[in-house]
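Secondary and tertiary structure notes
The residues making up each chain are set out below.
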Amino acid sequence: MGGHSLPGYGYTSFNDMQVDEIDWARWQSLVDTVAEMFAAPAAYITQANTKGVEVLISSLKGGDAFGPGVISPPMEQGLSQQVIAKQQPLYVRNAKDDPRWQQTQEYTTYNWVSYLGMPISWPDGHIFGSLCVVSTSPTDYPEVYMRVLALIRDVINSDLAHFYREAQLLTQSYTDPLTQIYNRRGFEELFVQNRQLARRLGRRMALLNFDLDGFKSINDNFGHAMGDEVLSAFARNLKQSCRSCDLVARWGGDEFLVLVHSETDAMESSMLARLDERLAALTNLPAIGYSVGMLRIGCDDTRELEELVMMADLNLYSHKQRKKKS
Ligand SMILES: Nc1nc2c(ncn2[C@@H]2O[C@H](COP(=O)(O)OP(=O)(O)OP(=O)(O)O)[C@@H](O)[C@H]2O)c(=O)[nH]1
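All values derive from a computational prediction rather than experimental measurement.

Let us now look at the packing of aromatic side chains. For the structure shown, the criterion picks out 21 aromatic pairs. Ring centres 5.4 Å apart and planes at 80° place the aromatic pair W24 and W27 in the edge-to-face group. Within this pair, W24 and its partner W27 are both found in helix α1 (residues 24–37), separated by three residues, close to a single helical turn. Judged by relative accessible area, which is 28%, W24 ranks as partly exposed. Here W27 falls in the buried class, since its relative accessible area comes to 0%. Consider the rings of F38 and Y141, whose centres lie 4.7 Å apart with planes at 90°: the pair is edge-to-face. Of the two residues, F38 is situated in the loop between α1 and β1 (42–49) and Y141 in the loop between β6 (127–135) and α4 (143–174); the sequence distance between them amounts to 103 residues. Judged on exposure class, the residue F38 and its partner Y141 are both buried. An aromatic cluster is built from F14, W24, W27, W122, F128, F163 and Y164, whose rings are joined through pairwise contacts. Across the ring face of Y290, the terminal group of K323 is positioned such that the distance to the ring centre comes to 5.9 Å.

Quick look at the structure:
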């Protein structure tokens, strides 16, 4: 296996996320049961994530050097790394019998001479991590033990499938399918959290309400498909003109809402300048103009979102009227 390199894993560490859909106590008791049944010093669940291969659950509950949160770099030579890279089970009965296994970190760092690991997968087939059981003495587990370990791994896989579905449903229900930014529901939900944060930090925010100018005539003159492209392009450029912490949503039709955490008066205008620059640079699309209404929200403002949007709408309307007159 010398020098086998792992692909980069795109997933965030479960330890850094609020994962409520997974019954952590159940995962812990599965791992504890595995260790007990195999009469092994330790059993683990690891996750392959952007940091490397991270221990999520240990039967030793952190009472050893290889406890939860310990991360091995993805390139390191390790047995779990190999299970993860090949997405195949691996059983090393006695590392002392084979010099290949003596180079692994399991052997060199932890003195484990026996290792049995199974890959854990996301429902879309991507690797999640491994379930493994280790021992400091050689082992010769009966076949039925392997099957039991595979069954336990299947239970973990089905928990992951459940989590995956929940996360997907949540993302779908918060995302506008055409533009891939938040929809009204996503904005409403996240607005509440943003406001609480702003209140706690004593920060003010600004709500910007955008409406495309003459969008109906784009549909009429160039067709609905081009209209869709214009909406997507506007959404993309709007999002790219904002900071990652700002909330950008399609409120409906050709209307978009942005919530910015605004520390200075100049912030909104520089965001709009970036947007104008981006829109002007677009080619192969009809020109996209917009009107915008802005409303400042102080940290102690208690008005409901509905009222705030209405006020921003009034400002938008007067901007649109001014533009139409000029
Ligand atoms: N292509 C496309 N058009 C949409 C979509 N949703 C809404 N529309 C159209 O967007 C148009 C919005 O019309 P108006 O609100 O009158 O907008 P406008 O022509 O920009 O008028 P002003 O705002 O006064 O400048 C309507 O014709 C809708 O049918 C969509 O998802 N795709």
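Now that the structure has been shown, we can carry on.
Our next topic: the confidence of the model for the protein chain. Atomic detail in the predicted coordinates should be set aside for any region of low pLDDT. Averaged over all residues, the pLDDT of the protein chain is 90; the fraction at 70 or higher stands at 95%. In the model, residues 1–8 has pLDDT below 50 throughout and makes 17 contacts with residues more than four positions away in sequence or in other chains. Per the prediction output, this complex has pTM 0.63; the corresponding ipTM is 0.95.

The subject of this paragraph is the layout of surface pockets. Considering only enclosed or pocket space, the largest pocket measures out at about 330 Å³ in volume. Contributing to the lining of the largest pocket are Q18, E21, F163, E166, A167, L169, L170, T171, Y174, T175, Y182 and L190. No other element matches the seven residues that α4 contributes to the lining of the largest pocket. Residues that form the lining of the largest pocket fall into these classes: seven nonpolar, three polar and two charged.

Within the fold, T139 resides in the loop between β6 and α4. Given the relative accessible area of 14%, T139 is considered buried. Excluding residues that lie within four positions of it along the chain, T139 makes contacts with Y91, R93 and S114.

Before going further, it helps to examine the sheet that holds strand β5 (residues 114–121). In space, the six strands of this open sheet follow the order β3-β2-β1-β6-β5-β4, with antiparallel pairing throughout. In the strand order of this sheet, the two ends are held by β3 (71–72) and β4 (90–92), each with one partner. In this structure, strand β2 (residues 52–58) lies alongside β3, joined through two bridges in antiparallel fashion. What sits directly across from E54, in β3, is I71. Across the sheet, α1 touches β1, β2 and β6, and the angle it forms with β2 is around 85°.

Conventions and cut-offs
Residues numbered from 1 in each chain as written. Predicted model: local features only at pLDDT ≥ 70, side-chain atom pairs only at ≥ 80, totals over all residues. Heavy atoms only, no water. Phe/Tyr/Trp six-rings, centres within 6.5 Å; stacked < 30°, edge-to-face > 60°. Helix = DSSP H or I, 4+ residues; strand = E, 2+ residues; numbered from the N terminus. Buried < 20%, exposed > 50% of the residue type's maximum accessible area, 1.4 Å probe, protein only. Lys NZ or Arg CZ within 6 Å of the ring centre and 35° of its normal. pLDDT = per-residue confidence, 0-100. Contact = heavy atoms within 4.5 Å. 1 Å grid on protein atoms, 1.4 Å probe; cavity = no way out; pocket = protein on both sides within 12 Å on 5 of 7 lines; lining within 4 Å. Points joined across faces, edges and corners; volume = space filled by probe spheres on them. Nonpolar A, V, L, I, M, F, W, Y, C, P; charged D, E, K, R; others polar. Pairing = 2+ DSSP bridges. Axes fitted to C-alpha atoms, helices over the stretch in contact; angles between N-to-C directions.

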